[in-house]
Amino acid sequence: MGSRLSGIFWSLLFLAVPVLGVATFAIAPAIDVWLPKDVSEHGQAIDSLFYFILALTGVVFIATEVALFWFLWKYDAAKNSRPATYIHGSHTLEVVWTIVPAATLLFLAIYQMNTWADVKMRRPVMAPTVEVVARQFEWRLRYPGRDGTLGTGDDLFLVNDLHVPVDEDVLVQLKSMDVLHSFFLPNLRIKQDAVPGMKIPVWFKATETGQFDIVCAELCGWGHYKMKGRITIESREDFDRWLETMYARQEATQPEPEPAEAVAQN
Amino acid sequence: MSLATTSPTLTQPTATGLGRPARKPRPIAEFLSTYVFSKDHKVIGLQFLFSTLVWFLIGGLLALAVRWQIAWPWSDVPVLGKLFAQQGGQMAPEFYTMLFTMHATVMIFLVIIPILAGAFGNFLIPLMIGADDMAFPTLNMLSYWFMWPAFFAFGASFFVEGGAASSGWTSYPTLSTNVASSPGAGWGQTLWLIGLTMVGVSSMLGSVNYMTTIILMRAPGMTMFRLPMTIWAMFITAILQAFALPVLTAAGFMQLADRTLGTGFFSPEGNIVNNAMQATGGGQPLLWQHLFWFYSHPAVYIMILPAMGMVSDIMTTFARKPLFGYRPMVYSIAGIAGLGFIVWGHHMFISGMNPALGITFMVSTMMIALPSAVKTFNWLGTVWGGKIQFTTAMLFALSFVSMFIIGGLSGIFMAATPVDIFIHDTYFIVAHFHYVLFAGTAMGVWAGIYYWFPKMFGRTMNEFWGKAHFFLTFVFMNGTFFTMHILGAVGFPRRLADAYHYETFHHLQPLNAFMTWCAIGMVASQIIFAVNFFWSMFFGPVAGRNPWNANTLEWTAPSPPGHGNFDFQPVVYRGPYEYSVPGMEKDHLMQTDPPNAAALAAAGAAH
Ligand code: HEM
Ligand SMILES: [Cu+2]
Ligand SMILES: [Cu+2]
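The rules behind the values
- Residue positions are given per chain, counted from 1 along the sequence in the order it is written.
- All chains are assigned letters beginning at A, and all ligands numbers beginning at 1, according to the order in which they are written.
- Residues qualify for local features only when their pLDDT is at least 70, as the model is predicted, and side-chain atom pairs are given and counted only at 80 or more; totals for whole chains, interfaces and linings, by contrast, use all residues.
- Only hydrogens and water are set aside when side-chain values are computed; all heavy atoms of the structure are taken into account.
- The rule for donors is simple: an N, O or S atom within 2.8 Å of the metal counts, and for Na, K and Ca the reach is 3.2 Å. Water is not among the atoms, so a site may look short of donors.
- When accessible area is computed with a 1.4 Å probe and restricted to protein chains, residues below 20% of their type maximum are described as buried, those above 50% as exposed, and intermediate ones as partly exposed.
- Candidate patch residues must exceed 30% relative accessible area and have no salt bridge, after which like charges are joined if within 9 Å and Val, Leu, Ile, Met, Phe, Trp or Tyr side chains if within 5 Å.
- Where accessible areas are quoted, they stem from the Shrake-Rupley method and a 1.4 Å probe; at the residue level, only the protein chains shown are allowed to cover.
- Salt bridges are defined as contacts in which a side-chain nitrogen from Lys or Arg sits within 4 Å of a carboxyl oxygen from Asp or Glu.
- Secondary structure counts use DSSP, requiring at least four H or I residues in a row for a helix and at least two E residues in a row for a strand, with both numbered from the N terminus.
- Think of it this way: one heavy atom of a residue within 4 Å of a molecule or strand is enough to make that residue near it.
- Polar contacts here mean pairs of N or O atoms no more than 3.5 Å apart (in protein, one a potential hydrogen donor and the other a potential acceptor; neighbouring residues in sequence count only if both atoms are side-chain atoms).
- The nonpolar class holds Ala, Val, Leu, Ile, Met, Phe, Trp, Tyr, Cys and Pro. Asp, Glu, Lys and Arg form the charged class, and all remaining residues, Gly among them, are polar.
- To estimate the expected span of a helix, count its residues, drop one, and scale the result by 1.5 Å.
- This arc is taken over the directions from the axis of the helix to the C-beta atoms.
- Two residues qualify as a contact provided that any one of their heavy atoms is within 4.5 Å of a heavy atom in the partner residue.

S.K.: Where do I start with the coordination of the copper ion (ligand 3) in this structure?
M.R.: Tetrahedral metal sites with four donors have an ideal angle of 109.5 degrees; octahedral sites with six donors have ideal angles of 90 or 180 degrees. All names here are of chain B. Taken together, His297 (ND1), His346 (NE2) and His347 (NE2) make up the protein donors of the copper ion (ligand 3), found 1.9 to 2.0 Å from the metal. Going along the chain, you hit the donors of the copper ion (ligand 3) in the pattern H-x48-H-H. Overall, His297 belongs to the buried group, its relative accessible area being 4%.

S.K.: Mind showing me how you'd approach a nonpolar patch on the surface here?
M.R.: There is a patch of nonpolar side chains on the surface, built from Ile28, Phe31, Leu32, Tyr35 and Phe37 of chain B and spanning about 550 Å² of accessible area. By the element assignment, Ile28 of chain B lies in helix H1 (residues 27–36).

S.K.: Sorry, what's going on with the site of ligand 1 here?
M.R.: Residue and element names in this part refer to chain B. Residues in contact with ligand 1 amount to 23 residues; listed here are only the nearest, Trp169, Asp420, His424, His432 and Arg494. Within the contact set of ligand 1, an oxygen atom lies 2.5 Å away from a side-chain nitrogen or oxygen of Asp420. A distance of 2.9 Å separates an oxygen atom of ligand 1 from a polar side-chain atom of Arg494. Counting only elements with at least two residues in the shell around ligand 1, the list comes to helix H9 (285–302), helix H12 (355–383), helix H13 (392–415) and helix H15 (427–457). When its residues are assigned to classes, the shell around ligand 1 shows 13 nonpolar, 8 polar and 2 charged.

S.K.: For this particular structure, what's the right way to read helix H4 (residues 236–253) of chain A?
M.R.: One turn of the α-helix equals 3.6 residues, which is why residues spaced by three or four share an orientation. All names here are of chain A. When the terminal C-alpha atoms of H4 are compared, their 26 Å separation across 18 residues agrees well with the 26 Å that a helix rising 1.5 Å per residue should span. Of all the residues in H4, the buried ones are Phe239, Trp242, Leu243, Met246, Tyr247 and Gln250. Relative to the axis of H4, the buried residues are bounded by an arc of 140 degrees and lie together on one face. Counted as exposed and oriented over 90 degrees from the buried face of H4: Glu237, Arg241 and Ala252. Elements that come into contact with the buried residues of H4 comprise strand E2 (138–143), strand E3 (156–159), strand E4 (161–165) and strand E10 (229–234).

Written as structure tokens, this is what we have:
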């Protein structure tokens, strides 16, 4: 059924899958379609886990896809004059290809637990640096006032313009006013949904100064695409100076910071 | 291509149900009872097939509109733009939100689930187990007719005020429960919930029927471990449906109550939407996510297991080899189904759910990759040492395996919780589920259509155009979806109408334009399929009973089978995969071939 030529053509098409697949991943970093720059302490661990899984799955991908190609090439009915092998399976093989992936997957599962715990479970013991309240379609920020405590009358209110000090633990208290949002800092390898009715802690330590994107990553309505903020990572001195400027500005514009944002308090 | 060589030697034809008592011809009533309100599983199967293919087209066009906006945001949309006349032909962001919501909804609930269980399940189950029909033909008819309220609900929702639902196919509250939160959260969302419930009723009626039929109506000699993989997969899928669906239905009613009766299952106290305080509260948005994924994770397997079964059968036929590891294949399907109930939390790693719980879901998710791996190795074992015939059906089946490898492996990235922090809700996820659902299941569906077409319509599809269809679909599909992995590596978020104003993503437009061109090519290639399908239905070469020289029971029935299916009582003597038995003249031994003949042939060769 069919000529040898068609067998060659179709097996090569299946060979193109691993070839072009690997090529895509090889070219991607070169054309800058790759992990964005990481400026966080824990990001290192996430990225290396990504590379580790990429290598692991890459090997399996190449091995299985090339095997598929090779079998198609070799056992094409137009080429292979021997009868098909009459075999119903192999107990040994089944055991091997159950145990080996099981062990690998289990190892992977255990191996990554610590990183997860660092990013999501071992919260630094400190007062929140800032409260982020998501709402359609902006990030409302609330810094402690000069008294250093959040939730008092002199709190500082800002929108979309997050500043944090570099090389220090930062603890964000994340809330939502209306619908789900997700606080996504690509360069800090942070993502956390903001859920109405919940107060969720998010922490990180930035390792470099600079300005980066804050993206909303959970569908929150028609304006979801434009729910954009910026995070400025700066030295402690710059940060303090910035805070000072902001306090002064707020006091100048609204002598009594009686919040229209009363909701942010509960 | 061989002739219809099957000889129903054992018993004489009984012509079950072929003749009807003579009565006056009433053409309209006749037509209605044969083609519309039919209780024949084959007609119902084809009704499902045609309806879902129409929705497949609609879903595909919705996808193109979505891709248009991603590639060229805010530029005039061809055709559709004029149709909806929005802002001089360009798309409004709420319209975009509605488009991807309805694209996914249509594809999942009106295409993939009903085409697998409804079309193939209905058509194949009685034929492959040697029954004359389903256990409950009326229930079966109803399962199709319950799809129509769903078609109407989803279809009509495009035309109500505010447009169709626009809170994603996952319909997360409080975006979906609060009417003020988005335009589509009005009537559109209510109709969405009604439609979903109807699809659920339809699936439930189907699954009860499939389970009963497979348990009770197998032909003599058809033990459970002689069932073809397609039937095993349908059986386990039906069980999954039956256990998971009630949860979704209940959750759907709760959401409906939140929206219409003022309950607050999913809304917390003190919520303020659009500057208006919500009246009710005390609920939990995460509750919906738990309930939804408790159904929808098993549902992703409902959306692939039948395809896995069909592909296994097709691959053995065209490799002319027994299935490698039949029992492991069955056990791994069962394993997937069992584990499928305890992994739903992997959709919620960063949802705000307790991170400690995330660890347990991570471990179970890692483990569910195992049966998938076992299946893949056994498929490779099946082609190894075979005599492979590159038919269109075989090419689609092989591509299922090749593509499922990609989708399964990308699952491991997302199962790794720390990595998922970064890639959750990015195009990496979109790549993953299109590899399993489109590159996997849809390719499996095409394999099934090319393979069983002769049984459905008595004619074969054109192989040349079938292969052209395969080649173009395969190439364009990978062009569209493979690139999504690297987009996801940048963190490119899904569901954004325009992401290029972000510094991180501003350089990704050319790549997205490339993907959109590929998507257009992919949809355009389906014209070849549509023409081939309808042309072959009427003018294709007439097929005998068993055009592929396959072993399973459906190939002993006439093509197409009449009412009652078999013109003799099939008796089963062996498993479905006895290909290339040594010492036999034929390279296939059908399940119904009497053993004495087989033994004689084998003995003859041995001497
Ligand atoms: C190898 C086994 C698999 C693993 C380990 C796996 C893992 C995952 C994980 C962890 C997610 C959540 C990712 C996130 O949102 O951050 C996910 C999403 C998804 N998976 Fe899989 N998966 C596997 C196989 C499948 C199969 C076979 C299907 C369907 C036939 C499937 C369909 C989906 C869909 C539709 C989503 C996305 C739902 C959404 O957010 O809209 N997966 N998968
Ligand atoms: Cu948002
Ligand atoms: Cu899942």
